[in-house]
Amino acid sequence: MALAIALSAVTSIAHAQTATTPGVTPETGKWRYTETASALDGAKSRIATLTAETQVANILGRMEAPTLGLTCDKNGLGVVMSWPDFVGEAGFLTLPVKWKIDDGKVYKTGWFPGTTSVTLMGPGAQGWIRQVKDAKTLVVAVPDRHGGQEATFDLTGIEAIGPRFSEVSCGGGAGAR
């Protein structure tokens, strides 16, 4: 009986933590959404992040999940994928990232590399968000030190999150960086 009560209490606590995780709602799936305002000038920033359902080997060979992020601030709109393995040196023009949504065709798009991330900015980010706005699953392959690992993201909730990220609401037009 005591074990049943303890298990019930743990289940209740876990359920309460899931239900009250900031920025996570049934409508937004596993996306974590935050909106802040600068104490200095009141400028608003929005960030939505989503952890992959699968893991890839990091630079040490340990398995770790990539993270997909949407950013919106006075500098504009961005899509950033944090990748656990070494991707490349900043300064490369673009890095060919392969991706597909649901059971659709495979796209190959040039993303800007960082050491352990790839990024789309401005119109490229807006076009990408428009393409995935009704998707359920995203599979990506990032060319990394391991030769290009794949990760899968459950995009459930993108239809609720996506509209919060547009060029107009993210600091000013197609030329925003």
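Source: prediction; values computed, not measured.

### Quick notes on the overall build of the protein
So, step 1. A count of helices and strands for the protein gives three helices and 11 strands.
So, step 2. Helices (α) and strands (β) of the protein occur, in sequence order from the N terminus, as α-β-β-β-β-β-β-β-β-β-α-β-β-α.
So, step 3. For the protein, the proportion of its 177 residues judged to be buried stands at 36%.
So, step 4. Contacts spanning at least 24 positions in sequence make up 58% of the contacts within the protein whose residues lie at least 6 apart.
So, step 5. For the protein, the computed accessible surface area is about 9800 Å², with 59% contributed by carbon and sulfur atoms.

### Focus on unusual backbone geometry
So, step 1. The backbone of Asp102 sits at a positive phi, close to 50°, despite the residue not being glycine.
So, step 2. Take Asp102: it is sitting in the loop between strand 7 (95-101) and strand 8 (107-113).

### Considerations on the pairing of strand 2 (residues 44-51)
So, step 1. Where strand 1 (residues 32-37) lies against strand 2, six bridges are found, and the strand directions are antiparallel. Each bridged residue has a counterpart across the sheet, and for Tyr33 the counterpart in strand 2 is Ala48.
So, step 2. Between strand 1 and strand 2, which pair antiparallel and follow one another directly, the connecting turn spans six residues, one of which, Gly42, has a positive phi of 80°.
So, step 3. As judged from the six bridges shared by strand 2 and strand 5 (residues 67-73), these two strands associate in the antiparallel manner. The residue of strand 5 that forms the bridge with Thr49 is Gly69.

### Topic: the packing of aromatic side chains
So, step 1. Taken as a whole, this structure holds four aromatic pairs when the rule is applied.
So, step 2. Taken together through their ring pairs, the aromatic side chains of Trp99, Tyr107, Trp111 and Trp128 make up a single cluster.
So, step 3. A cation over an aromatic ring shows up here: Arg164 above the ring of Tyr33, its NZ or CZ 4.3 Å from the ring centre.

### Describing the confidence of the model for the protein
So, step 1. When pLDDT is averaged along the protein, the result is 81, and 79% of the positions lie at 70 or above.
So, step 2. Below a pLDDT of 50 lies the segment residues 1-21, which in the model reaches one contact outside its immediate sequence neighbourhood of four places, other chains included.
So, step 3. Low pLDDT (under 50) marks residues 173-177, which in the prediction has 11 contacts with non-local residues, meaning those over four places away or in another chain.

### Topic: helix 2 (residues 122-132)
So, step 1. For helix 2, every residue scored as buried is listed here: Gly122, Ala125, Gln126, Trp128, Ile129 and Val132. Along helix 2, the residues classed as buried sweep out an arc of 165° about the axis, all on the same side.

### Comments concerning the sheet that holds strand 11 (residues 149-154)
So, step 1. The strand order across the open sheet built from nine strands is 1-2-5-6-9-8-7-10-11, with neighbouring strands paired in antiparallel fashion. Pairing within the sheet leaves two strands with one partner each, and these edge strands are strand 1 and strand 11. Averaged over all pairs of adjacent strands, the angle between their axes in this sheet comes to 30°, without regard to strand direction.
So, step 2. Packed onto the sheet, helix 2 meets strand 5, strand 6 (76-82), strand 7, strand 8, strand 9 (117-121) and strand 10 (137-142) and runs at close to 70° relative to strand 6.

Cut-offs used in this document
- Residues numbered from 1 in each chain as written.
- Predicted model: local features only at pLDDT ≥ 70, side-chain atom pairs only at ≥ 80, totals over all residues.
- Heavy atoms only, no water.
- Helix = DSSP H or I, 4+ residues; strand = E, 2+ residues; numbered from the N terminus.
- Buried < 20%, exposed > 50% of the residue type's maximum accessible area, 1.4 Å probe, protein only.
- Contact = heavy atoms within 4.5 Å.
- Areas by Shrake-Rupley, 256 points an atom, 1.4 Å probe, with all protein chains shown as cover.
- Pairing = 2+ DSSP bridges.
- Phe/Tyr/Trp six-rings, centres within 6.5 Å; stacked < 30°, edge-to-face > 60°.
- Lys NZ or Arg CZ within 6 Å of the ring centre and 35° of its normal.
- pLDDT = per-residue confidence, 0-100.
- Arc of directions from axis to C-beta.
- Axes fitted to C-alpha atoms, helices over the stretch in contact; angles between N-to-C directions.

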